[in-house]
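Listed below, chain by chain, are the residues.
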Amino acid sequence: MNKKDIANIRKQFKVENDLLKIKDIFNVYIMKESSEIYHHQSQPFEMLDQDQQELFMNNFKKLLAGQLDEKLFELKFKRDAENSSQLILHQGLLSSEVDDWKVQMLKIVEKMLKNKQYEMDIVVSFIRGEYLKPVKRSNEETEESDRDAVYSHSFILCSMNKTQDPKKELLFDYVEKEFKYNIVVDPIINLNAPIGGFLFPCFTDNVADVNHVLYSAAKAYELDYQFIEEILNCEDAMTAQDDKIVFEEIVKSVSEDKLNTSTLSNVYEEINRVVEENEDEESPKLDYKDVERVLINSGVKDVNTEKVESAFQRVVDDEKYEIKASSIVSKYKSKSIKIDTKVAKIAISPQDLSYVRQIHFSGKRYLMIEVEEDTVIEGFTMIPEALDGQTHE
């Protein structure tokens, strides 16, 4: 799934939307002390009152929020996994009876209880539904509606949410004219911040892909690898952060850690060009041949295929590994590059890195930033100086 696919299904989670039909919701309450199911309940989603539906719809939208390879990850199921979650979810997806679907979802919960001791009570919510995507937009010149032809996608979504103790509050009773201590013992289910979950199956080019699942982490880069491997039975996920580090280490190895800011700026610009040329498609991936071409075009010296291939093998133990280009320059125009020196910390965007130079002058190193306007420090406009220290009016 690309970011457009995710955005399309995410925006459908709203009440009274004819393009999203949620059939059933199945809530399972897990006790932290015993790691056992305390209670579970299934009911048609439309039987919930509208306020409850709104709460859950907001929860599902939050689950599917975030950037790919940062908070959301398309994961591939492992082949021949014991008690395969892929098979369990697929059987649940095909179940015509609610009871059969519940049995499959409880198998997922049982795997969760077997592999982890939770620090708080957990509520796991499963829904099964159908997402309808119009084949084309409405044609105002004809009577044809955009609902006349649609792609139909059946799906299962799982959202995990923690509980919290109710707040202790002091209330004022207007009738009795007295202050009262508000005693509430029922735990509150925090639907505003899901701690994980997934969407099955993934959708690629409007076709269901049952070999992949969309996993959602609680926060960016905070993946539950035990959940991914032992509960979902998926292959390891590489975050955008991981990919960026891999690329940096490969470039350091090939260039022998000898780059000036101009060359590094060229590298980022070259990769950003690749990303922009494929903006409407799946994020392009760079193998060792692509990285070799990028480095040569950027002006890195003494680059050859053997060097780059060897660097891939040394850094990731796989010369055929592919790096997502968007992971390297995901924020090309934002201040995502940190320059850390003993006297100052500076943030700059990859596209502006060409304005930065490290120079030697009179036996000392200087960081020089080209600016088009006067520099203002604490409200004071600085007077330009020459490198010899003389002030220039």
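Thresholds, definitions, all that
- Residues numbered from 1 in each chain as written.
- Predicted model: local features only at pLDDT ≥ 70, side-chain atom pairs only at ≥ 80, totals over all residues.
- Heavy atoms only, no water.
- Salt bridge = Lys/Arg side-chain N within 4 Å of Asp/Glu carboxyl O.
- Helix = DSSP H or I, 4+ residues; strand = E, 2+ residues; numbered from the N terminus.
- Buried < 20%, exposed > 50% of the residue type's maximum accessible area, 1.4 Å probe, protein only.
- 1 Å grid on protein atoms, 1.4 Å probe; cavity = no way out; pocket = protein on both sides within 12 Å on 5 of 7 lines; lining within 4 Å.
- Points joined across faces, edges and corners; volume = space filled by probe spheres on them.
- Expected span 1.5 Å × (residues − 1).
- Arc of directions from axis to C-beta.
- Contact = heavy atoms within 4.5 Å.
- Polar contact = N/O pair within 3.5 Å; in protein donor to acceptor, adjacent residues only side chain to side chain.
- Domains from an automatic or database assignment.
- Phe/Tyr/Trp six-rings, centres within 6.5 Å; stacked < 30°, edge-to-face > 60°.
- Disulfide = S-S within 2.5 Å.

As recorded in an unreviewed UniProt entry, the protein chain goes by DUF4317 family protein and comes from Evansella cellulosilytica.

**Q** Could you give an account of the pattern of salt bridges, naming the residues involved and the relevant values?
**A** Opposite charge on two side chains permits them to pair, given that their charged atoms come into close proximity. All told, the structure shown has 7 salt bridges when counted by the stated rule. One salt bridge in this structure joins Glu 248 and Lys 244, with 2.7 Å as the shortest N-O distance. Taken together, the positions of Glu 248 and Lys 244, both in helix H6 (residues 240-255) and 4 residues apart, correspond to about one turn of that helix. Judged by its relative accessible area of 29%, Glu 248 falls in the partly exposed class. Residue Lys 244 is classed as partly exposed on the basis of its relative accessible area, which comes to 27%. A salt bridge links Glu 249 to Lys 252; the nearest nitrogen and oxygen atoms lie 3.5 Å apart. In this pair, Glu 249 and Lys 252 are both assigned in helix H6, 3 residues apart and thus about one turn of the helix distant. Given the relative accessible area of 38%, Lys 252 is considered partly exposed. One connected set of salt bridges, linked through shared partners, spans Glu 270, Arg 273 and Glu 277.

**Q** Could you give me a rundown of empty space enclosed by the protein, with the residues and numbers involved?
**A** What the rule picks out here adds up to 1 cavity of 30 Å³ or more. Estimates place the volume of the largest cavity at around 70 Å³. Around the largest cavity sit Met 1, Asp 5, Asn 8, Ile 9, Tyr 131, Lys 133, His 153, Phe 203 and Asn 206, which together line it. Every element with two or more residues in the lining of the largest cavity is listed here: helix H1 (3-10) and strand S4 (122-134). The dominant element in the lining of the largest cavity, judged by the number of residues it contributes, is H1, at 3 residues.

**Q** So, the layout of surface pockets: which residues are in play, and what are the values?
**A** Estimated volume of the second largest pocket: approximately 750 Å³. Lining the second largest pocket are 23 residues, with Leu 259, Thr 261, Leu 264, Ile 337 and Leu 353 sitting closest to its centre. Counting only elements with at least two residues in the lining of the second largest pocket, the list comes to H6, helix H7 (261-277), strand S15 (337-340) and strand S17 (356-361). Looking at which element gives the most residues to the lining of the second largest pocket, the answer is H6, with 6 residues.

**Q** Run through helix H9 (residues 305-316), naming residues and quoting values.
**A** Between its terminal C-alpha atoms H9 stretches 16 Å, which fits the 16 Å expected from 12 residues at 1.5 Å a residue. For H9, every residue scored as buried is listed here: Val 308, Ala 311 and Phe 312. All buried residues of H9 project into a common sector of 100° when viewed along the axis, lining one side. Exposed residues lying more than 90 degrees from the buried face of H9 are Glu 306 and Arg 314. Buried residues along H9 sit in contact with H6, strand S13 (285-286), helix H8 (288-297) and strand S14 (323-324). The opening residue of H9, the one whose side-chain oxygen lies 3.2 Å from the backbone nitrogen of Glu 306, is Asn 304. Positive phi shows up at Asp 317, right after H9, with a value of about 60°.

**Q** Give me the domain arrangement of the protein chain: which residues, what numbers.
**A** By the assigned domains, the protein chain splits into domain 1 (3-135 + 145-237), domain 2 (241-329) and domain 3 (337-381). Placing the centre of domain 1 and that of domain 3 at their C-alpha centroids yields a distance of 47 Å.

**Q** Give a description of the environment of Gly 196 that names residues and reports values.
**A** Within the fold, Gly 196 resides in strand S9 (residues 196-200). Using a relative accessible area of 3% as the deciding quantity, one classes Gly 196 as buried. Apart from residues no more than four positions distant in its own chain, Gly 196 is found in contact with Leu 63, Cys 158, Ser 159, Met 160 and Ser 216.

**Q** Residue-level account of the packing of aromatic side chains, with values.
**A** For the coordinates displayed, the defined rule picks out 12 aromatic pairs. Geometrically, the ring pair formed by Phe 77 and Phe 200 is edge-to-face, given 5.9 Å between the ring centres and 70° between the ring planes. Within this pair, whereas Phe 77 is found in the loop between strand S3 (72-76) and helix H3 (85-94), its partner Phe 200 is found in strand S9, the two being separated by 123 residues in sequence. A relative accessible area of 4% places Phe 77 in the buried class. Members of the aromatic cluster, joined through ring pairs, are Phe 13, Phe 56, Phe 60 and Phe 155.

**Q** Could you give me a rundown of the state of the cysteines, with the residues and numbers involved?
**A** Per the counting criterion, the structure on display carries 0 disulfides. The cysteine Cys 202 is free of any disulfide, with Cys 234 supplying the nearest cysteine sulfur at 9.0 Å. Residue Cys 202 is classed as buried on the basis of its relative accessible area, which comes to 0%.

**Q** I'd like a rundown of the environment of Glu 230, residues and numbers included.
**A** Inspection of the secondary structure puts Glu 230 in helix H5 (residues 225-231). Looking at Glu 230, the relative accessible area reads 38%, which means it is partly exposed. Taking the C-alpha atoms as reference points, Glu 230 and Ser 84, 146 residues apart in sequence, are found 9.6 Å from one another. Other than its neighbours up to four places away in sequence, Glu 230 contacts Lys 111 and Asn 115.

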